Amino acid sequence: MEAMTPVSGIERLTGARLVVLKIGSALLTEKATGKLNRAWLQALVEDVAALRARGQEVVIVSSGAIALGRHTLKLPRGPLKLEESQAAASVGQISLAHAFQAELATHGLTCAQVLLTFGDTEERRRYLNARSTLATLLKLGAVPVINENDAVATAEIKYGDNDRLAARVASMISADCLVLFSDVDGLYTAPPSEPGAVHIAEISQITPDIEAMAGDAASELSRGGMKTKVAAARIAVESGCHMAIANGRALHPLRALEQGARCSWFLAHEEPHHARKRWIFGTLKTFGTLTIDAGAVRALSSGKSLLPAGIVRVEGEFERGDAVLVCNAQGLEVARGLSAYSSEDADLIKGHNSREIEAILGYRGRSEMIHRDDLVLKRAPVAEERASA
Ligand code: GLU
C-alpha cells in the first residue's frame, strides 16, 4: 500500500478535492414543530458555497424526508410503520429538495436530486451508472443532493441509515473527505453522559475497542447511532477517504469545523485513487478476458480508455460492471478493469467503432468498453509510485 502524505487536522477538509457532507434529520428539522430549520440550512449552504468558491467539489447526503413528510401528513409521534414512513418520505423529499434548490440558487449553484437504493451502490452493474451520473453532475458544476429512495426501498434493499449511504457514496465517487454532521461531536470512550467519558479526536485504526465504544444509541429522529457512524468510517477509510463525526447543531457547521470545532477524525491511509485501484486489482474476482490488439495496448499505456475497436476476442461470461482481465495478443495480462458491457454485448461490438454501438446493440451505451477510471494497468502502481516519489 502506498502511504499518503500526512495531512493535519483541518486540512483534511480544506485540502480535499471532493467533500461529501451528511446532514442528519435532527439538524434540518425543528424538534418541536417538525418543520424545516430554514436558518440552519441557509447557513450550511453559505458554507457549501464558500467551499465551491475555492474550487472544492461538494456532494450532500441529506436526511429529513421522513421527518418533514410525517409532519405534513400529520402522522403521530413515535415509530411509524414501514409504509407510513415511505409515504412520509415521498411527501417530505419534495420539500427537502425544494429547500436545497432554493438555497443553493441564492449562491448561483444548481441543485441535483439523486435518490439511491442499496443496490445502486452495491451492485456493480448499477454502481457504474450511479458513479458516472454523479461524476457528470460534478463536471457540469451541479451540487448533488442525495437521499435514499425511501418511498420504494423495502427492508431488504434498504440502507435504512444515511451514514452508511454517505460512506458508500463517498467511496463510489472517490471523495477524499466525508463529514457526518449530527448532534454529537464525535466518538467518546463511553457514552458522553457518563462521568469520565473522554472524547477521541483522531482514530487511525478502527480496532475492536473503537467499535465497542460506539455502542448502540440513536436519537429519536436519526436512525444512525454511533454504531452506524463507525461502520460508515470503515467504508470511508477503506476507500481512502478521511471521515469526521461532527456536531452540526450551531449555524455554519462547516465554518466551525474549519475554525477548529471539536470532532472525531477517522484517518484514511491512502489516496482514494489508489484505494480504488487496489480494489479493482486486488479484491475483485475477474469473470472473463478481453484480448486486445497492439494499438489498444499502446492506447492503454498512454492512459487512454479501452474502446471496443481494440478488442479482438471476448472470453468468459460477465455482466456490465464485472471485473475482467485485459490481455495482449500473446495472452499476457496487461490490465484489469470494470467492463461497461456484458460479455454477450462485448462480443457483438468488439472490433467496431464506438459510433456503431447503437446500431449493433439497439441502445446507446458508453463509448468505452472500460473507462480509464475503471482500468488498472498491470504495472501502473509501481510507475506511479516512482513518479510521485
Ligand atoms: N432517508 C431518511 C430520510 O430522509 C433518513 C435516514 C437517516 O436518518 O439516516 O428521512
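Residues numbered from 1 in each chain as written. Predicted model: local features only at pLDDT ≥ 70, side-chain atom pairs only at ≥ 80, totals over all residues. Heavy atoms only, no water.

Structural notes on the sheet that holds strand β11 (residues 286-292)
Alright, step 1. One open sheet holds the five strands; their spatial order is β12-β11-β13-β14-β15, and the pairing between them is mixed. Of all strands in the sheet, those with a lone pairing partner are β12 (311-316) and β15 (375-377), marking the two edges. The average angle at which neighbouring strand axes cross in this sheet is 25 degrees, direction not considered.
Alright, step 2. Its contacts with the sheet put helix α12 (residues 272-283) on β14 (333-338) and β15, and the angle it makes with β14 is roughly 110 degrees. (Pairing = 2+ DSSP bridges. Helix = DSSP H or I, 4+ residues; strand = E, 2+ residues; numbered from the N terminus. Axes fitted to C-alpha atoms, helices over the stretch in contact; angles between N-to-C directions. Contact = heavy atoms within 4.5 Å.)

Digging into the site of the ligand
Alright, step 1. Taken together, the neighbourhood of the ligand is formed by ten residues, with A65, I66, N147, D150 and N162 sitting nearest.
Alright, step 2. One of the side-chain nitrogen or oxygen atoms of S63 is found 3.3 Å away from an oxygen atom of the ligand.
Alright, step 3. For the ligand, an oxygen atom lies 2.7 Å from a polar atom in the side chain of N147.
Alright, step 4. Coverage of the ligand by the protein amounts to 97% of the 300 Å² it exposes when considered alone.
Alright, step 5. Tallied by class, the residues present in the shell around the ligand amount to two nonpolar, five polar and three charged. (Near = heavy atom within 4 Å. Polar contact = N/O pair within 3.5 Å; in protein donor to acceptor, adjacent residues only side chain to side chain. Areas by Shrake-Rupley, 256 points an atom, 1.4 Å probe, with all protein chains shown as cover. Nonpolar A, V, L, I, M, F, W, Y, C, P; charged D, E, K, R; others polar.)

Concerning the packing of helix α3 (residues 38-53) against helix α5 (residues 82-105)
Alright, step 1. Their axes nearest at 9 Å, the elements α3 and α5 cross at an angle of 50 degrees. It follows that α3 is oblique to α5 by the angle criterion. Relative to α5, α3 is oriented so that their crossing is right-handed. Together, R38, L41, Q42, L44, V45 and V48 of α3 and A99, F100, A102, E103 and L104 of α5 make up the contact between the two elements.
Alright, step 2. Taken together, the residues that form the contact of α3 with α5 break down as eight nonpolar, one polar and two charged. (Parallel < 35°, antiparallel > 145°, perpendicular 65-115°, else oblique. Left-handed = near helix turned anticlockwise from the far one by under 90°.)

Overview of the side chain of D374
Alright, step 1. If you trace the backbone, D374 turns up in the loop between α15 (357-361) and β15.
Alright, step 2. Polar contacts involving the side chain of D374 include one to the side chain of R276, which spans 2.3 Å.
Alright, step 3. Those residues within four positions of D374 in sequence are excluded, and the remaining contacts are L128, R131, R276, I280, R336, G337 and L338.

So, the sheet that holds strand β3 (residues 110-116)
Alright, step 1. Judged by pairing direction, the sheet is mixed, and its eight strands sit side by side in the order β3-β4-β2-β1-β5-β9-β10-β8 without closing on themselves. The sheet terminates laterally at β3 and β8 (202-203), the two strands that pair on one side only.
Alright, step 2. Strand direction decides the pairing type here: strand β1 (residues 18-23) and strand β2 (residues 57-62), joined by six bridges, are parallel. Within β2, the position partnered with L18 by the bridge is E57.
Alright, step 3. Running over the sheet, α5 touches β2, β3 and β4 (142-148) and is turned about 155 degrees from β3.
Alright, step 4. Strands β1, β2, β3, β4 and β5 (177-182) of the sheet are contacted by helix α8 (residues 162-172), whose axis makes an angle of about 140 degrees with β4.

A short note on the pattern of salt bridges
Alright, step 1. All chains considered together, the criterion is met by 23 salt bridges.
Alright, step 2. One salt bridge in this structure joins R131 and D374, with 3.7 Å as the shortest N-O distance. Placement of the pair is R131 in helix α7 (residues 124-139) and D374 in the loop between α15 and β15, with a sequence separation of 243 residues.
Alright, step 3. In this structure R131 comes out as buried when scored by relative accessible area, which is 12%.
Alright, step 4. The partner of K350 in a salt bridge is D347, and the shortest N-O contact between them spans 2.9 Å.
Alright, step 5. When its relative accessible area of 28% is taken as the criterion, K350 is described as partly exposed. (Salt bridge = Lys/Arg side-chain N within 4 Å of Asp/Glu carboxyl O. Buried < 20%, exposed > 50% of the residue type's maximum accessible area, 1.4 Å probe, protein only.)

Section: the packing of aromatic side chains
Alright, step 1. Applying the stated criterion across every chain yields a total of three aromatic pairs.
Alright, step 2. Ring geometry for Y127 against W279: centres 5.7 Å apart, planes inclined by 35 degrees, an arrangement best described as tilted. Remark: W279 occurs in helix α12 and Y127 occurs in helix α7; sequence separation between them is 152 residues.
Alright, step 3. The class for W279 is partly exposed, based on a relative accessible area of 24%.
Alright, step 4. For R336, the ring lying beneath its charged end belongs to F281, and the centroid distance is 4.6 Å. (Phe/Tyr/Trp six-rings, centres within 6.5 Å; stacked < 30°, edge-to-face > 60°. Lys NZ or Arg CZ within 6 Å of the ring centre and 35° of its normal.)

Things to note about the environment of Q93
Alright, step 1. Looking at the secondary structure, you find Q93 in helix α5.
Alright, step 2. When its relative accessible area of 9% is taken as the criterion, Q93 is described as buried.
Alright, step 3. Through-space distance from the C-alpha of Q93 to that of V324 is 39 Å; in sequence the pair is 231 residues apart.
Alright, step 4. Those residues within four positions of Q93 in sequence are excluded, and the remaining contacts are A65, Q113, L115 and N147.

Details of the pairing of strand β10 (residues 263-266)
Alright, step 1. Residues C263 and W265 of β10 are buried on one face, and the alternating residues S264 and F266, pointing to the opposite face, are buried as well.
Alright, step 2. With two bridges connecting them, β8 and β10 associate as parallel partners. Across the sheet, the residue bridging to E202 is W265, located in β10.
Alright, step 3. Pairing between strand β9 (residues 242-247) and β10: four bridges, direction antiparallel.

Topic: the side chain of R336
Alright, step 1. Here R336 is to be found in strand β14.
Alright, step 2. With a relative accessible area of 18%, R336 lands in the buried category.
Alright, step 3. Not counting chain neighbours up to four residues away, the residues in contact with R336 comprise I280, F281, T286, V324, L325, D374, L375 and V376.

Side note on the confidence of the model for the chain
Alright, step 1. Scored by pLDDT, the chain comes out at a mean of 90, with 93% of its residues at no less than 70.
Alright, step 2. Residue range residues 217-222 is modelled with pLDDT below 50. Its contacts to residues more than four positions away, or to other chains, number twelve contacts.
Alright, step 3. For residues 380-389, every residue scores under 50 in pLDDT, and the model assigns this stretch five contacts once sequence neighbours within four places are set aside. (pLDDT = per-residue confidence, 0-100.)

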